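# Structural characterization, general
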There are 2 protein chains.
Amino acid sequence: MASTRAKIAVDAMGGDRGPGVIVAGAIRAAAELDIDVLLVGDSQILEAELANHDGANIQNIEIVPSEGVVSMDEGALTGVRRKPKASINVAMKLVKEKRAQGVVSAGHSGAAMAAASLSLGRIKGIDRPAIGAVFPTMYANKSVIVLDVGANVDCKPKYLEQFALMGTIYSKYVLEVEEPKVGLVNIGEEATKGNELAKETYKLLSKNSAIPFVGNAEGRDVLSGDFDVIVCDGFVGNVLLKFAEAVGEIMLQIVKEELPFGVRGKVGSAVLKPNLRRIKQRIDHAEHGGALLLGVPAVCIISHGSSQAPSIFNAIRVAKEAIDHQIVDRIQHYQKGGSLDLVSEVKES
Amino acid sequence: MASTRAKIAVDAMGGDRGPGVIVAGAIRAAAELDIDVLLVGDSQILEAELANHDGANIQNIEIVPSEGVVSMDEGALTGVRRKPKASINVAMKLVKEKRAQGVVSAGHSGAAMAAASLSLGRIKGIDRPAIGAVFPTMYANKSVIVLDVGANVDCKPKYLEQFALMGTIYSKYVLEVEEPKVGLVNIGEEATKGNELAKETYKLLSKNSAIPFVGNAEGRDVLSGDFDVIVCDGFVGNVLLKFAEAVGEIMLQIVKEELPFGVRGKVGSAVLKPNLRRIKQRIDHAEHGGALLLGVPAVCIISHGSSQAPSIFNAIRVAKEAIDHQIVDRIQHYQKGGSLDLVSEVKES
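Here goes a summary of the coordinates provided. Residue positions are given per chain, counting from 1 as you read along its sequence in written order. The order in which chains are written sets their letters, starting at A; the order in which ligands are written sets their numbers, starting at 1. Residues qualify for local features only when their pLDDT is at least 70, as the model is predicted, and side-chain atom pairs are given and counted only at 80 or more; totals for whole chains, interfaces and linings, by contrast, use all residues. Hydrogens are left out, water is left out, and the side-chain values use all remaining heavy atoms of the structure.

It only takes one pair of heavy atoms within 4.5 Å for two residues to be counted as in contact. Contact with chain A, which involves 51 residues of that partner, is made by 52 residues of chain B. Accessible area, probed at 1.4 Å, shrinks when two parts are joined; the buried area is that loss added up over both. With both sides pooled, the region where chain A packs onto chain B buries about 5,100 Å², and carbon together with sulfur makes up 71% of that total. Any Lys or Arg side-chain nitrogen located within 4 Å of an Asp or Glu carboxyl oxygen qualifies as a salt bridge. Ionic pairing is found between E218 of chain A and K242 of chain B, a salt bridge with its closest N-O pair at 2.4 Å. Helical segments are the DSSP runs of H or I of at least four residues, strand segments are the runs of E of at least two, and each set is numbered from the N terminus. Only α7 (196–207), α8 (234–258) and α9 (262–283) of chain A provide two or more residues apiece to the side of chain A that touches chain B.

Structure below.
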């Protein structure tokens with residue numbers, strides 16, 4: 001689908017677990033995904049990490065040197081401003097200079113947002129970039145994108161309208177849902193339900209013919225599979241995201257505690273070990289890749305700070321898919337007055 | 001602990017499943033809990049339902065006749081105003097006239113709130129009553145009360161401060177947590193995080209010495225067991241409540257789908273059936289009773305519309321506990337300037 005091979009800048013210094021796991025994920029991605037990786041960080045450290053993977057195919061990986069990182073302790077904006085050579089800033093600069101089409105960061109999400117805003121700005125017509133997270137649903141092969149999950153805690157109705165548009169484009173062209181259904185997080189089904197933000201947003205979404213809005217989504221509907229795109233403000237979305245991650249872990253914990261109860265339980269659980277791994281895989285957020293920063297003029301994936309190599313691999317895979325499906329071009333194209341549907345318009349523009 | 005035997009009015013007409021399950025739950029409660037039940041509804045129907053339980057001990061049950069119900073279709077306030085003899089209104093009147101100390105309803109929660117407000121008013125000093133829901137946590141024997149889960153979608157900081165106080169009293173005297181820890185739902189741990197409501201509420205909670213506020217609770221902390229009381233506005237709380245209920249069901253569904261996978265899976269799952277029931281029990285919200293309307297001058301429990309007999313039983317049990325522990329007196333006492341701790345003050349007042 002893409003005319004050129006995707007080139008992705010990976011901030012190798014940002015994660016909580018050090019550059020080792022990020023380099024491991026990047027090596028696997030460069031080998032399996034048909035992409036080029038620009039590994040941004042301290043050259044000496046990264047060369048040593050690469051050398052640890054003796055015999056791995058690293059010909060698609062290039063190191064781009066940076067100095068320092070923006071840490072969790074300093075304010076995101078302050079840190080990003082004070083350290084122009086920090087890894088996240090260097091990674092964004094690669095995108096700005098068109099040397100890469102996307103960035104993957106496992107660092108401070110505030111820092112990634114601040115660096116993206118300062119280096120890249122916003123897509124014209126988008127007031128606030130949003131963070132989208134892809135969740136598993138009730139159905140094994142169906143996902144839902146929820147946005148915003150944390151970029152904007154106080155929102156205006158028009159921001160949510162823009163989130164709905166970006167979510168629709170993502171659902172349609174990256175998740176390949178033919179006719180995405182958009183829902184608005186609310187406390188009831190009726191148009192008149194909810195807080196001021198929800199009631200006003202409901203009106204805007206109903207009027208916008210480009211948004212396949214099907215109505216309010218209550219808490220129980222978020223993962224039901226009835227919706228493909230769920231919009232809410234970044235406060236509600238962030239609470240939901242972190243709640244969902246924890247509930248998954250708590251449920252696995254309860255299953256692990258209660259299943260082996262008694263003699264029958266011990267025998268039964270031993271037999272079932274492989275299936276418990278399957279359950280974990282279906283629930284585990286890490287399997288579903290990182291979160292996306294939508295609304296900036298480049299693909300930007302924010303992985304969990306605690307990400308291990310498989311999550312990094314998945315985040316890079318998501319970046320490649322977003323690049324291949326021209327997600328940024330499509331949002332820009334729509335904001336300039338183009339339609340969502342005409343792929344050819346995008347290709348020619 | 002209570003000086004008198006609790007008398008509880010049960011709205012028998014409100015649930016989605018008809019009066020049969022409510023009567024069944026009430027019969028069990030009257031027999032097992034050492035309480036009196038006033039069963040409110042159509043006399044003929046209720047007598048017939050009671051007759052179905054041939055041989056059951058129903059001497060602690062009295063039927064109080066009502067006419068009609070407030071349905072889901074009509075606006076809550078309109079319905080409650082238009083039908084003074086509806087079951088929910090008659091139940092509230094019993095409390096108002098001191099013929100009962102508490103009400104249990106499985107009907108339209110909006111109708112229960114409206115009827116309580118109109119009949120009973122609010123406790124002095126409480127601007128907005130809140131709905132509190134008790135959730136299971138990571139730990140088998142520990143619960144957390146979350147409020148508000150839906151009564152107030154647009155909140156001011158002082159409402160949340162009042163919710164925190166009522167939650168503290170409930171945690172301490174009904175859930176019997178010696179030193180409850182109160183958390184504020186937010187998107188980060190720092191005091192400066194969050195939307196305007198969260199930032200202002202953080203300041204109020206920090207300053208109020210009667211509230212054992214320990215800081216912000218992120219989505220992942222809600223069920224971690226680190227907090228005993230969690231406060232948020234009714235929009236966020238309602239979305240969380242319904243999300244949590246659904247996630248529990250989705251997880252059980254995934255476990256049921258994946259556990260029996262393959263031959264080993266089939267054998268193992270068959271052996272494990274009793275333990276799967278244990279898991280369901282621990283997760284299932286119905287086991288944890290109904291939600292509480294706190295801030296009105298009577299104990300008022302709102303059970304799920306879809307409640308079955310065990311949920312009704314649990315809701316009545318929660319009502320009895322709240323009455324026995326003088327939860328309303330304690331909130332009133334505090335609002336009049338008394339302390340939270342001096343039980344004797346409450347008893348004497």
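Residues and elements named next belong to chain A. Being paired, for any two strands, means DSSP has found at least two bridges between them. The strand order across the open sheet built from 11 strands is β3-β2-β1-β4-β11-β10-β5-β6-β9-β7-β8, with neighbouring strands paired in mixed fashion. Every interior strand has two partners, whereas the edge strands, β3 (61–65) and β8 (213–217), have only one. Strand-to-strand, the axes of this sheet are offset by a mean angle of 25°, without reference to chain direction. The sheet contact formed by strand β5 (residues 130–136) and strand β6 (residues 143–147) spans five bridges and is antiparallel. If you follow A133 over to β6, its bridge partner there is V146. Here an angle of 0 to 180 degrees is reported between the N-to-C directions of two axes, which are lines fitted to C-alpha atoms, with helices fitted over the stretch in contact.

Here the focus is the packing of aromatic side chains. By convention, a stacked pair of Phe, Tyr or Trp rings (six-membered ring in the case of Trp) has centres within 6.5 Å and planes under 30 degrees apart, an edge-to-face pair has planes over 60 apart, and any other such pair is tilted. One pass over the full model with this rule turns up three aromatic pairs over all chains. When the ring centre of Y173 of chain A is taken as origin, the NZ or CZ atom of R330 of chain A, which lies over that ring, is 3.8 Å away. Charges are assigned to positions over rings by a cutoff of 6 Å between ring centre and Lys NZ or Arg CZ, combined with an angular limit of 35 degrees from the ring normal.

For the coordinates displayed, the defined rule picks out 24 salt bridges over all chains. A salt bridge links D324 of chain A to K320 of chain A, with the shortest nitrogen-to-oxygen separation between them at 2.8 Å. Taken together, the positions of D324 of chain A and K320 of chain A, both in helix α10 (residues 309–324) and four residues apart, correspond to about one turn of that helix. Assessed through its relative accessible area of 19%, K320 of chain A is described here as buried. As a salt-bridge pair, K142 of chain B and D228 of chain B come within 2.7 Å of each other at their nearest N and O atoms. Here the residue K142 of chain B occupies a position in the loop between β5 (130–136) and β6 (143–147), and D228 of chain B occupies one in the loop between β8 (213–217) and β9 (229–231), the gap between them amounting to 86 residues. Only protein chains enter the accessibility calculation, which uses a 1.4 Å probe; a residue is then buried when its area is under 20% of its type maximum, exposed when over 50%, and partly exposed in between. Overall, D228 of chain B belongs to the buried group, its relative accessible area being 3%.

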